[in-house]
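Structural overview for review
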Amino acid sequence: MHRFYDVHMHLMTLEHPSLVPFLMGSNEAGDFVKSGMFSPSFILGGRNLKGGTLVHNMGNLLQCMTGPMERILTLLERDLRGEFIQRSADTHYPAMPFWQDGKFWFRGKAYERIVICPLLMDFSEDPKELERLYYESPVEDRIFRYAEEMLEAMRIYKQNREDGRLFDILPFIGITPRVHTEHEVERLLAYLEKGFVGVKVYPPLGFNPWPRDRQERRKVEMIYELCQWNSIPIITHCDDQGFRIVPYQTAWKWSRPNGWIQVLDKYPELKIDFAHFGTTYAIQNQNLHVVARQCLSSLWSHELLELMHRYPNIYGDLSYSGTNPLFYQRLRMELANGEEEIKERILFGSDWSINLMKIESYSAYLELLEESPFSDQDINLFATINPERFLNILGTNDETYNKPDPEGSGHAKKIPEA
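How each quantity is defined
- Residues numbered from 1 in each chain as written.
- Predicted model: local features only at pLDDT ≥ 70, side-chain atom pairs only at ≥ 80, totals over all residues.
- Heavy atoms only, no water.
- Pairing = 2+ DSSP bridges.
- Helix = DSSP H or I, 4+ residues; strand = E, 2+ residues; numbered from the N terminus.
- Phe/Tyr/Trp six-rings, centres within 6.5 Å; stacked < 30°, edge-to-face > 60°.
- Lys NZ or Arg CZ within 6 Å of the ring centre and 35° of its normal.
- pLDDT = per-residue confidence, 0-100.
- Contact = heavy atoms within 4.5 Å.
- Salt bridge = Lys/Arg side-chain N within 4 Å of Asp/Glu carboxyl O.

1. What to know about the sheet that holds strand β2 (residues 99-100)
Taken in spatial order, the three strands line up as β2-β3-β4 in an open sheet, and their pairing is antiparallel. Looking along the sheet, the strands with just one partner apiece sit at the ends: β2 and β4 (109-111). Direction of pairing for strand β3 (residues 103-106) relative to β4: antiparallel, over a ladder of three bridges. Paired with phenylalanine 104 across the strands is tyrosine 111, a residue of β4.

And the structure:
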């Protein structure tokens, strides 16, 4: 069975984020401005400078976060069937729907399914972050409820689409260890035996890859040991923006690829995808570190390339960054400039629905990839071959997924198709 993979997307309703810590995390004067949140290359640029476009995009995003999650999956299917009318005349949009005759078509090739990897974000609350508020609020371990809702949405979606569905769903469990006990971290890791296939960590939410505190270090090492021993993939946020509850300097320190060097020195076989390919938006990052010979303008992207050369299981994905066609052009130039072997570490990801801040639809994001300068062979690597290696999935001619042997040998074991 031929499958097209989106290794980085989100199924998230308006109930899942915790907005109070987000507001409390940016309480110093000018924090948003310093962080690059208003950089012309991030949100306030391009189409969003036109009157009403940003408001339109935010409304579109919020509409796609109106749950339940199985409703959101149906919305995506309808999008790919071409049921919605294109509203923005200057948006790239496919001439024909991607899903026709029960198959997903991309560059003239038919795929039986799209495999989507919803990345759950751990929005669990730390009471210390809320103690300054006048009104008391119950502290929630939101990730456990989110995970159970994800499993239920998968069950309902599969049940309702027995006559033919577009998506197979392989979610990642979000973990922010600093707001959990060791026992709670163990409980979250147990979801890897319940239908989840990997771990999602998010430094701007307070994930420190290598804490100094011994107890905090132990909690992250619980994740690393399990993932390296069993070849379980990790995806970490890796641009300088995002849903941030810690100071921007801290988020940058923990998010950049070089922030993981101590981790990789001890766990060199870890399989990690650095999301967004290390794109940075803050003006100071763009100006201070550009080297004339470099095609990619982000220092973090070049840190990521260095990690790819040093460690065998380091990947980067195309999520959100691909809202700008120039990103694909720069990456293609970089690959042609002596980085051809890196092609085997690139993964397609969309960052839907978050990418709706910059683009109108899932179809429009896919169309930008279809129009990109990459060859058909490159697309096959990014969207099929590399994701199957990253996710420990048997080849496209096999009818089952796999996961590592429970004894820890690292060999694949067949499990029923998701």
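Continuing now.
2. Examining the packing of aromatic side chains
For the coordinates displayed, the defined rule picks out 23 aromatic pairs. Members of the aromatic cluster, joined through ring pairs, are Phe4, Phe98, Phe104, Phe106, Tyr111, Phe348 and Tyr365. Just above the ring of phenylalanine 144 sits the side chain of arginine 187; from NZ or CZ to the centre is 3.9 Å.

3. With respect to the confidence of the model for the chain
Per-residue confidence for the chain gives a mean pLDDT of 85, with 81% of residues at or over 70. Note on residues 397-418: pLDDT under 50 across the span, and 60 contacts to partners over four residues away in sequence or across chains.

4. Remarks on the pattern of salt bridges
The tally for this structure, following the rule as stated, stands at 17 salt bridges. One connected set of salt bridges, linked through shared partners, spans Glu77, Arg78, Arg81, Glu83 and Arg161.

5. Quick word on the sheet that holds strand β12 (residues 346-347)
Reading across from one edge, β7-β8-β9-β10-β11-β12 is the order of the six strands in this open sheet, with parallel pairing throughout. Sheet topology places β7 (172-174) and β12 at the edges, where each strand pairs with a single neighbour. As paired elements, β7 and strand β8 (residues 198-201) share three bridges and run parallel to each other. Considered in β8, the bridge of isoleucine 173 is made with valine 199.

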